[in-house]
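Summary of the model geometry
Here is what each chain is made of, one letter per residue.
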Amino acid sequence: MSAKKQGGRKRTSKAGAKSGLRSRQWKRFLRGPDKELLDDLYVPALGEAVRYDRCCAYFSSSVLAAAARGFGKLIGRLIEMGDAAPTPAVRLVVNEELTTEDVRALTEERDLSGLEKALKRRFKNPKDLLTKRRLAMLGWLAKEGLLAVRVGVMRRGQGLVHAKFGVVTDPAGDAVVFNGSGNESARGLMGNYERLEVSTSWDDPERHGEYAEEFEALWKDEHPDVHTVTL
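Remember, it's a predicted structure, so these values are computed and weren't measured experimentally.

What follows concerns the overall build of the protein. Scanning the protein for helices and strands turns up nine helices and eight strands. Classification of the 231 residues of the protein by burial places 51% in the buried group. The contacts in the protein between residues at least 6 apart in sequence include a share of 75% that link residues at least 24 apart. Counting only carbon and sulfur atoms, one obtains 47% of the accessible surface of the protein, whose full area is about 11,500 Å².

So this is what it looks like as structure tokens:
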């Protein structure tokens, strides 16, 4: 099924109420630095998600702590799914402006057995671990194949990968799409003046298809302007 055809099914609970991402109305326009980026997008969307695709100029693991209420539910769901979880479930395309500590967390071999045991004991509510041990969590997500990062560079010229958009998908294939000025960091969520526009796959399948296909081209290193390499 092509990206433009996804999200056409209507999912309801046994009582007839809508569930997943369809269970709420999504504001079309959001603005930071007030809490609506977290409370009206990141936390509720990631809380229903099984996949998160994000293209951003800058990524910091601080976003895991800032949006722990949403990322915690996503990670808990992936752990519950076990081998059925998509791998990677979180896919990031970023430019080369990564912090040294995040690169080390993603690439260095570390003993993450303690974190894994703690997660298995508390997988229903891992947000505390995201807040207190975000670098270890970042490394664990990469180690388990649940998170992967590709770094983008321009095929020509001296520019940067500067586009910023995201696609959040739930188990039914429904998706929330957003784009705007915000980067994937705590400051982008809570500190900066940002503007984002939001749509859904069921109300605007063309916009969903446009961004989903753009991301796939970046992820597969098939984009005409951007070359991406795995971190």
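Time to look at the sheet that holds strand β2 (residues 51–55). Sheet strands line up and pair through hydrogen bonds in the backbone, either parallel or antiparallel. With mixed pairing, the eight strands of this open sheet are ordered in space as β1-β7-β6-β5-β2-β3-β4-β8. Lying at the two open borders of the sheet, with one neighbouring strand each, are β1 (29–32) and β8 (226–230). Going from strand to strand, the sheet's axes swing by 20 degrees on average, the running direction of each strand aside. Sheet topology places β2 next to strand β3 (residues 90–94); four bridges connect them, and they run parallel. Bridged to Cys55 within β3 is Val93. Strands β1, β2, β5 (165–169), β6 (175–180) and β7 (194–200) of the sheet are contacted by helix α1 (residues 36–47), whose axis makes an angle of about 120 degrees with β1.

Taken together, the buried positions of helix α7 (residues 134–143) are occupied by Ala136, Met137, Leu138, Gly139, Trp140 and Leu141. Positive phi appears at Gly145, one or two residues downstream of α7, with a value of about 80 degrees.

α7 packs onto helix α4 (residues 100–107) with a crossing angle of 40 degrees between their chain directions and a minimal axis gap of 7 Å. The angle between α4 and α7 places the two elements in the oblique class. Handedness of the crossing formed by α4 with α7: right-handed. For the pair α4 and α7, contact is made by Glu101, Asp102, Ala105 and Leu106 and by Arg134, Leu135, Leu138, Gly139 and Ala142, respectively. When its residues are assigned to classes, the contact of α4 with α7 shows five nonpolar, one polar and three charged.

Before going further, it helps to examine the pattern of salt bridges. As a working rule, side chains carrying opposite charge can pair if their charged atoms are close by. Across all of its chains, the model carries 13 salt bridges by this definition. The salt bridge involving Lys27 is made with Glu36; its shortest N-O contact spans 3.8 Å. Residues joined by salt bridges that share partners form a network here, namely Arg24, Lys27, Glu36 and Asp40.

What follows deals with the packing of aromatic side chains. Tallied over the full model, the rule gives five aromatic pairs. Relative to Tyr52, the ring of Tyr42 has its centre 6.5 Å away and its plane inclined at 80 degrees; by these criteria the two rings are edge-to-face. You can see Tyr42 sitting in helix α1 and its partner Tyr52 sitting in strand β2, a full 10 residues away along the chain. Of the two residues, Tyr42 and Tyr52, neither departs from the other in class, the shared state being buried. Connected via pairs of aromatic rings, a cluster forms that spans Tyr42, Tyr52, Phe71 and Phe178. Stacked on the ring of Trp26, the Lys or Arg Arg24 has its end atom at 5.0 Å from the ring centre.

Let us look at the packing of α1 against helix α3 (residues 68–81). Orientation of α1 relative to α3, taken along the N-to-C sense of each, is 5 degrees, at an axis distance of 7 Å. Looking at the two axes, α1 sits roughly parallel to α3. Contact residues: Leu38, Asp39, Tyr42, Val43, Leu46 and Gly47 in α1; Arg69, Gly70, Phe71, Lys73, Leu74 and Arg77 in α3. For the contact of α1 with α3, the residue count by class is six nonpolar, two polar and four charged.

Reading the values: the criteria
Residues numbered from 1 in each chain as written. Predicted model: local features only at pLDDT ≥ 70, side-chain atom pairs only at ≥ 80, totals over all residues. Heavy atoms only, no water. Helix = DSSP H or I, 4+ residues; strand = E, 2+ residues; numbered from the N terminus. Buried < 20%, exposed > 50% of the residue type's maximum accessible area, 1.4 Å probe, protein only. Contact = heavy atoms within 4.5 Å. Areas by Shrake-Rupley, 256 points an atom, 1.4 Å probe, with all protein chains shown as cover. Pairing = 2+ DSSP bridges. Axes fitted to C-alpha atoms, helices over the stretch in contact; angles between N-to-C directions. Parallel < 35°, antiparallel > 145°, perpendicular 65-115°, else oblique. Left-handed = near helix turned anticlockwise from the far one by under 90°. Nonpolar A, V, L, I, M, F, W, Y, C, P; charged D, E, K, R; others polar. Salt bridge = Lys/Arg side-chain N within 4 Å of Asp/Glu carboxyl O. Phe/Tyr/Trp six-rings, centres within 6.5 Å; stacked < 30°, edge-to-face > 60°. Lys NZ or Arg CZ within 6 Å of the ring centre and 35° of its normal.

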